[in-house]
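Take a look at the letters that make up each chain.
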Amino acid sequence: MADILNPQPPRYLKPMNKVMMAAQKLGIPTGPAMVLTVPGRRSGRPRSTPLTPFEFRGGLYVVAGYPGGDWAANARAARTGTLARGRRSRRVHIVELTAEEARPVLRAFPIQVPVGVAFAKRSGMVRDGTADEFEALAGRLAVFRFDPFGGP
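Per an unreviewed UniProt entry, the protein chain carries the name Deazaflavin-dependent nitroreductase and comes from Mycobacterium decipiens.

Caption draft 1: Structural detail: the layout of surface pockets. Volume-wise, the second largest pocket comes out at about 150 Å³. In this structure, the second largest pocket is lined by Glu55, Gly58, Gly59, Leu60, Arg90, Val92, Arg145, Phe146, Asp147 and Pro148. Elements supplying a minimum of two residues to the lining of the second largest pocket: β4 (59-63), β6 (88-96) and β7 (143-148). Here the lining of the second largest pocket gets 4 residues from one element, more than from any other, and that element is β7.

Caption draft 2: Molecular detail of the environment of Gly65. With respect to the helices and strands, the residue Gly65 is situated in the loop between β4 and α2 (70-78). Each C-alpha atom of the pair Gly65 and Phe119 lies 7.2 Å from the other, and the pair is 54 residues apart in sequence. Apart from the residues lying within four places of it in its own chain, the contact partners of Gly65 are Phe119, Ser123, Met125 and Leu141.

Caption draft 3: The arrangement of the packing of aromatic side chains in detail. Across all of its chains, the model carries 4 aromatic pairs by this definition. With centroids separated by 6.1 Å and ring planes inclined at 70°, the aromatic side chains of Phe56 and Tyr61 adopt a geometry described as edge-to-face. Exposure class is identical for Phe56 and Tyr61. Each is buried. Ring pairs connect the aromatic residues Phe54, Phe109 and Phe134, which therefore count as one cluster. Just above the ring of Phe149 sits the side chain of Arg91; from NZ or CZ to the centre is 4.4 Å.

Caption draft 4: Quick peek at the sheet that holds strand β3 (residues 54-56). A sheet is described by the order of its strands in space; here 7 strands give the open sequence β2-β1-β5-β6-β7-β4-β3, paired in antiparallel fashion. Taken across any chain shown, the strands that pair with only one partner, and hence form the sheet edges, are β2 (46-51) and β3. Direction aside, neighbouring strands of the sheet carry axes that sit 40° apart on average. Strand contacts of α2: β1 (34-39), β2, β4, β5 (80-85), β6 and β7, with the helix running at about 60° to β1, the strand carrying the most contacts. Against the sheet, helix α3 (residues 99-112) engages β3, β4, β6 and β7, with an angle of about 125° to β3.

Rules used throughout
- Residues numbered from 1 in each chain as written.
- Predicted model: local features only at pLDDT ≥ 70, side-chain atom pairs only at ≥ 80, totals over all residues.
- Heavy atoms only, no water.
- 1 Å grid on protein atoms, 1.4 Å probe; cavity = no way out; pocket = protein on both sides within 12 Å on 5 of 7 lines; lining within 4 Å.
- Points joined across faces, edges and corners; volume = space filled by probe spheres on them.
- Helix = DSSP H or I, 4+ residues; strand = E, 2+ residues; numbered from the N terminus.
- Contact = heavy atoms within 4.5 Å.
- Phe/Tyr/Trp six-rings, centres within 6.5 Å; stacked < 30°, edge-to-face > 60°.
- Buried < 20%, exposed > 50% of the residue type's maximum accessible area, 1.4 Å probe, protein only.
- Lys NZ or Arg CZ within 6 Å of the ring centre and 35° of its normal.
- Pairing = 2+ DSSP bridges.
- Axes fitted to C-alpha atoms, helices over the stretch in contact; angles between N-to-C directions.

This is how it looks when you write it as structure tokens:
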């Protein structure tokens, strides 16, 4: 099991992300996955990553798969981006939640995103994938809300 204090992304993640993004561009359904594109915080060039946002209490949220992910740092710095599914896209404001705000979202995560639970187990972030385990990650994992551009 990975070091729970310093989890690393699995080796298959980058190649799998490239396949997911290619499928999205071709309009091939990839389940609930969407592609977030934001400017890189250093280069300013567009950076894209697939993720699995979910609806919770009327908002659209995403939970980072592990601490320290580049995509999360880019999203945090950009604060706006484009969220796409297939050939449809929309601009969004990206709002990072505080640890306290993230707690209920993290509790909902294992029910809403089962594929994310499997990922968190493989990376060593959680053992059983319970709501309590995910809530305990508040403050360690980035949690973002996507607001409509020009929205709240």
